[in-house]
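Chain by chain, the residues run as shown.
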Amino acid sequence: MKRIYDKDILFDWGQKADLQSVFSSTAIDFFGCLYEKGEFLSQPCEEAEYLQIVVSGTISIYHIREDGTRYSLAQGQGPFLLGDMEFYQPSPSLFFVEALMDTMTLAISLKKYREILENDTRFLNYLVRNLSRKLISIACLESDNVSLKHRILNHLKYHCEKGF
């Protein structure tokens, strides 16, 4: 991961992520992160220090079950919020978040800006929309796919661009 502090680059990324529709406050400082394909944006047992908004790239959120199998929770492209589940319950992450391609994010310090974010109605609405999308995705993945045919159709519908 490479951190980016160049104000012009951060301004461009903020435009791409449509930050003016996410935050009411202008008192929040961001820095950028560049992740290469295969790098982890978050791993279990790491303390969630930042909210990250995926500006571009694709990420996979998954969990490893006790039997060693991988359980996919969500897949997202920019703009996509990470750290939303840990926002109100500061704790180590429970999931792996992996870059499936080179990925750019904007990061916000939770420690420094928690109070501002908790009082930002525009951000809280954005947070609810993101959590709702993730909940819908997880609910769809939890559906009982009895046959191989149904599992393949489910994968195509929810994990492949344009359903194929």
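Residues numbered from 1 in each chain as written. Predicted model: local features only at pLDDT ≥ 70, side-chain atom pairs only at ≥ 80, totals over all residues. Heavy atoms only, no water.

Student: Please explain the overall build of the protein as it appears in this structure.
Tutor: Of regular secondary structure, the protein possesses five helices and nine strands. Ordered by position from the N terminus, the helices and strands of the protein form the series β-α-β-β-β-β-β-β-α-β-β-α-α-α. Burial status across the protein gives 40% buried among its 164 residues. When the accessible surface of the protein is totalled, it reaches about 10,000 Å², and 56% of it is carbon and sulfur. (Helix = DSSP H or I, 4+ residues; strand = E, 2+ residues; numbered from the N terminus. Buried < 20%, exposed > 50% of the residue type's maximum accessible area, 1.4 Å probe, protein only. Areas by Shrake-Rupley, 256 points an atom, 1.4 Å probe, with all protein chains shown as cover.)

Student: Before we go on, may I ask you to explain the pairing of strand β8 (residues 96-99) in this structure?
Tutor: Each regular strand shows side chains that alternate between the opposite faces of the sheet. Because side chains alternate across β8, one face comprises the buried residues F96 and E98, and the other comprises V97 and A99, equally buried. Sheet topology note: the strand β3 (residues 40-42)/β8 ladder contains two bridges and is antiparallel. When the bridges of β8 are listed, F40 appears paired with E98. As paired strands, strand β5 (residues 58-64) and β8 are joined by four bridges and run antiparallel to one another. Among the inter-strand pairings, I61 is bridged to a residue of β8, identified as V97. (Pairing = 2+ DSSP bridges.)

Student: Could you clarify how one ought to interpret unusual backbone geometry in this entry?
Tutor: Positive phi is not limited to glycine here, since D18 has a value of about 55 degrees. Take D18: its relative accessible area is 32%, and that puts it in the partly exposed class.

Student: Sorry, what's going on with the packing of aromatic side chains here?
Tutor: Within this structure, the stated rule accounts for six aromatic pairs. Their ring planes at 90 degrees and their centres at 5.2 Å tell us that F31 and Y50 sit as a pair that is edge-to-face. Of the two residues, F31 sits in strand β2 (residues 31-35) while Y50 sits in strand β4 (residues 50-56), which places them 19 residues apart along the sequence. F31 sits in the buried class, given a relative accessible area of 10%. Between F40 and F96 the ring centres are 5.6 Å apart and the planes differ by 55 degrees, which places this aromatic pair in the tilted class. (Phe/Tyr/Trp six-rings, centres within 6.5 Å; stacked < 30°, edge-to-face > 60°.)

Student: Would you explain the sheet that holds strand β7 (residues 80-82) in this entry?
Tutor: Consider a sheet: its strands pair through backbone hydrogen bonds, and that pairing is either parallel or antiparallel. Taking strand neighbours across the sheet as the criterion, the five strands line up as β1-β2-β9-β4-β7 in an open arrangement whose pairing is antiparallel. Strands at the two margins of the open sheet, each flanked by one partner only, are β1 (2-4) and β7. Recorded for the sheet is a direction-independent mean angle of 30 degrees between the axes of neighbouring strands. Packing of helix α1 (residues 7-16) onto the sheet brings it into contact with β1, β2, β4 and β9 (103-109), and relative to β9 it is tilted by some 100 degrees. Here helix α3 (residues 110-118) sits on the sheet in contact with β4 and β9, set at roughly 75 degrees to β9. (Axes fitted to C-alpha atoms, helices over the stretch in contact; angles between N-to-C directions. Contact = heavy atoms within 4.5 Å.)

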